[in-house]
Amino acid sequence: MEAAELRCTAAVEQPLPGGLAPRRRLMRNATVLLGRNELRQPVLRVAGGSGAAAAVLSFVLAGDAVRLFTRFAGEGRAAVRVGPDGAQVLLSDCPPDALRRFLRLLRLKVAAGPRDAPRRPRLLERPPPSFSVISPVQERDLLGSPGRRQERGQPPAEVPRKERRPPARLSAEQEAVLGAVRSGKSIFFTGSAGERPGHSHRLPDGGKSCPLTCCFSLEGTGKSFLLKRILGSLPPNITYATASTGVAACHIGGTTLHAFAGIGSGKAPLEQCIQLAERPGVRQHWLACQHLIIDEISMVDGKFFDKLEAVARAVRKRDEPFGGIQLIICGDFLQLPPVCKANEETKFCFQAKSWRKCIHVNMELTEVRRQTDKTFVSILSAIRLGRCTEEVTRQLMQTAAHKSERDGILATRLCTHKDDVEITNERRLQQLPGEVHVFEALDSDPMLVKLIDAQCPVGGRVELKLGAQVMLAKNLDVSQGLVNGARGVVVGFESEQKGLPKVRFLCGVTQLIKMEKWVIKGPSGVHLSRQQLPLKLAWAISIHKSQGMSLDCVEISLSRVFESGQAYVALSRARSLAGLRVLDFDPKAVRADPAVLHFYRHLRHHQLPAQDSLHTYSDTDEKENRKCN
């Protein structure tokens, strides 16, 4: 019966005679139930308030008079017009997924429910209940009750294709993470091996089994899908989605962690940081936040995390860890580390003093979804752990002979430095003959262009030519392979005024690319938007910008690798070994931070069996894990 109940903020508006403004009753923490009365008619019941202000309102849903307004359901808001007189129930602050399920059930039950049903005689000794919670969706609901429809002279309703398609399901591991989130625990979840805990696998040289079965980046284990489900299960008004980088934040529809915190770099004294967080707007976020999501945690500095924890307690005036905010943290510490100055020591978040008291549950996802080639799986497992055997070296050096062009589409070169990326793309575009086609973005606030640039995956100005190597920056049609990171080449421009480009993609599809819209969160929670072509030049891209992407064909130069985990991030962007070309492989470029390896080894040592693979730190664990610092 979960879909028939909704907990949210509800406002009931009932029109008054004489054209007066409608009477409005606001109920916070309301319970909205979908049920039936004794005549089996669908009824919407809204209950809220407490004491003298408590109220219960019920509305019979007469099919033809009911209208749903669902444009903002993804933001947890909707409206239901409940009768011919114009009365309506406004729903807000709903977990988006729960709201969608509720509206779907309401729509189907109203469509299938009895209309103008004859009143049944009541038995005096056992009067039927006036309200009972409605049953889940049945097959007859999906079919639109064909018998009843034919009685009215209507043809049987067809099930919309979208309704027939089974929803994507979470794995058992992902369900465990979602369950921990729903129970209110603060959780860190990370990517792991292609094998279940307790299973080992051989390295490519046929040597000893890998002692740590943590082989893959979190993106390869369904992180984006799981994060969307987590966001959909939490009320939007008290949930803040953040990430360590602007591009990662844009992918989850949030903002950067620094923008949310409002304390700048966090290097100022604690008192000054608290004053910054007390500013109007910033303080409002800190007080409203009940659930804080932090993506790409590996790039968040441990000292900054400690500063945030202290600021949260001070601003919220609560002594609980992080001021009582539930933390949902994900990322892979064996990927890119925090960006520090040359003379500063890298400090990961798990080395922060406040980490262990803030995080209740640690979880590793082990099911790999990006790579399926077992040889490539083994190579990446070794690289991720900083191991580079002779066999791994041999196989990666052999990739230098791989063909880097297919159907006019070149491999994207991943570079360690963004300057190399800009120079490469500009030079290769200039070398192409023909006219340059320029596409300017339409931004919602031209005064905040720099902020939009930092978080939007495409620039304010896109320059293209015939033959330009490009990459999609947004999912357009997953079923056809038109996904974020899909590679293609510009094969033409339409002759109309806009002159939109036609792109032939490696998946075999040729598509006219139209303007797309990105919405990001700016200061004080204001929404900013950019309309632009979802394309960027793809002769080269930085390893940092590639994080989270899956690329069909990749060319990598590792000669200037300067961070632990950087080589692994670059290599793991490839979908397969066949689509990878390493130009100048040097085993010395393969490095994993010893502190991170120790942290993961400790985490796995205390991990419970797969069927209950959540780990809650105890005081004993905390003392043991201090070795990571």
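Here the structure is a predicted model, which is why all the values come from computation and not from measurement.

A. View of the overall build of the protein. The helix and strand inventory of the protein stands at 20 helices and 31 strands. Taking all 629 residues of the protein together, the buried fraction comes to 50%. Considering only contacts within the protein whose residues lie at least 6 apart along the sequence, 70% involve residues at least 24 apart. Per element, the accessible surface of the protein, about 30200 Å² overall, is 50% carbon and sulfur.

B. Spatial organisation of the sheet that holds strand β19 (residues 442–443). Strand order in the open sheet formed by three strands is β19-β26-β25, and the pairing between neighbours is antiparallel. The strands lining the two open edges of the sheet, one partner per strand, are β19 and β25 (516–521). As defined by bridge partners, β25 adjoins strand β26 (residues 527–532) across six bridges and the pair is classed as antiparallel. Bridge pairing in β26 links K517 to Q531.

C. Focus on the pairing of strand β23 (residues 501–505). Here β23 shows a clear split, with P501, V503 and F505 buried on one side and none of K502 and R504 buried on the other. For strand β22 (residues 487–493) and β23, the ladder comprises five bridges, and the chain directions are antiparallel. Directly across from G492, in β23, lies its bridge partner K502. Bridging between β23 and strand β24 (residues 510–512) involves three bridges; their strand directions are antiparallel. Paired with V503 across the bridge in β24 is Q511. Connecting β23 to the antiparallel partner β24 that follows it, the hairpin turn spans four residues, and G508 within it adopts a positive phi of roughly 100°.

D. A look at the packing of aromatic side chains. With the rule as written, the count across this model stands at 14 aromatic pairs. Measuring from centroid to centroid gives 5.3 Å for Y240 and F260, while their planes differ by 50°, and the two rings are tilted. Placement of the pair is Y240 in strand β10 (residues 239–243) and F260 in helix α8 (residues 257–261), with a sequence separation of 20 residues. Look at Y240 and you get buried, because its relative accessible area is 15%.

E. Focus on the packing of helix α5 (residues 172–182) against helix α6 (residues 223–232). α6 packs onto α5 with a crossing angle of 30° between their chain directions and a minimal axis gap of 10 Å. Classified by the angle their axes make, α5 and α6 are roughly parallel. Judged by the twist between their axes, the crossing of α5 over α6 is right-handed. Contact residues: Q174, V177, L178 and V181 in α5; F225, L226, R229 and I230 in α6. The residue inventory of the contact of α5 with α6, partitioned by class, reads six nonpolar, one polar and one charged.

F. Quick look at the confidence of the model for the protein. Taken over all residues, the pLDDT of the protein has a mean of 79, while the share at 70 or more is 79%. Scored below 50 in pLDDT, residues 115–128 makes 10 contacts in the model with residues more than four places away or belonging to other chains. Taken as a whole, residues 193–221 scores under 50 in pLDDT and shows 107 contacts with residues more than four places along the chain or in a different chain.

G. A look at the nonpolar core. Ranked by internal contacts, the top residues of the largest apolar core, which has 43 residues, are F188, W286, F322, F333 and W355. Going through the elements one at a time, α8, α9 (270–277), α10 (282–288), β12 (291–295), α11 (302–316), β13 (326–330), α12 (355–358) and α19 (594–605) are the ones with two or more residues in this core. If we ignore the near neighbours within four places in the chain, the residues touching F322 are W286, L292, F305, L308, E309, A312, R313, R316, L327 and C358.

H. Spatial organisation of helix α14 (residues 390–398). Those residues of α14 not exposed but buried are E391, V392, T393, Q395 and L396. Residues of α14 that are buried sit in contact with α13 (374–384), α18 (566–571) and β30 (580–582).

I. Layout of the sheet that holds strand β27 (residues 535–537). The antiparallel open sheet is built from five strands, whose spatial order is β24-β23-β22-β21-β27. At either end of the open sheet lies a strand with only one pairing partner, and these are β24 and β27. Pairs of neighbouring strands in the sheet enclose a mean axial angle of 40°, with direction left out of account. When strand β21 (residues 469–472) meets β27, the two strands line up antiparallel, connected through three bridges. In the sheet register, L472 faces β27, and the bridge partner there is L535.

J. Representation of α13. The buried fraction of α13 is high, at nine of 11 residues. Buried residues of α13: F376, V377, S378, I379, L380, S381, A382, I383 and R384, and no others.

Rules and cut-offs
Within every chain, residues take consecutive numbers counted from 1 along the sequence as written. Local features are withheld for residues below a pLDDT of 70 in this predicted model, meaning they are given only at 70 or higher, and side-chain atom pairs are given and counted only at 80 or more; totals for whole chains, interfaces and linings count all residues. To obtain the side-chain values, all non-hydrogen atoms of the structure were used and water was disregarded. By definition, any uninterrupted DSSP run of H or I lasting at least four residues is a helix, any uninterrupted run of E lasting at least two residues is a strand, and each is numbered from the N terminus. Only protein chains enter the accessibility calculation, which uses a 1.4 Å probe; a residue is then buried when its area is under 20% of its type maximum, exposed when over 50%, and partly exposed in between. By the convention used here, residues are in contact when the closest approach between their heavy atoms is within 4.5 Å. Working definition of accessibility: Shrake-Rupley area with a 1.4 Å probe, residue cover restricted to the visible protein chains. Two strands make a pair as long as DSSP finds a minimum of two bridges between them. Each aromatic pair joins two rings of Phe, Tyr and Trp (for Trp, the six-membered one) with centres within 6.5 Å, and gets the label stacked for planes under 30 degrees apart, edge-to-face for over 60, and tilted for any other angle. The axes used here are C-alpha line fits, helices contributing only the stretch in contact, and every angle between their N-to-C directions lies in the interval 0 to 180 degrees. The cut-offs work like this: below 35 degrees is roughly parallel, past 145 is roughly antiparallel, 65 to 115 is roughly perpendicular, and the gaps in between are oblique. For any helix crossing, the convention is left-handed if the near helix is rotated counterclockwise from the far helix by under a right angle, and right-handed if that rotation is clockwise. For this scheme, ten residues count as nonpolar: Ala, Val, Leu, Ile, Met, Phe, Trp, Tyr, Cys and Pro. Four count as charged, namely Asp, Glu, Lys and Arg, and the remainder, Gly too, count as polar. Note: pLDDT gives the predictor's confidence per residue, expressed from 0 to 100. Joining through side-chain atoms within 4.5 Å is the link that ties buried Ala, Val, Leu, Ile, Met, Phe, Trp, Tyr and Cys residues into a set, and such a set is a nonpolar core.

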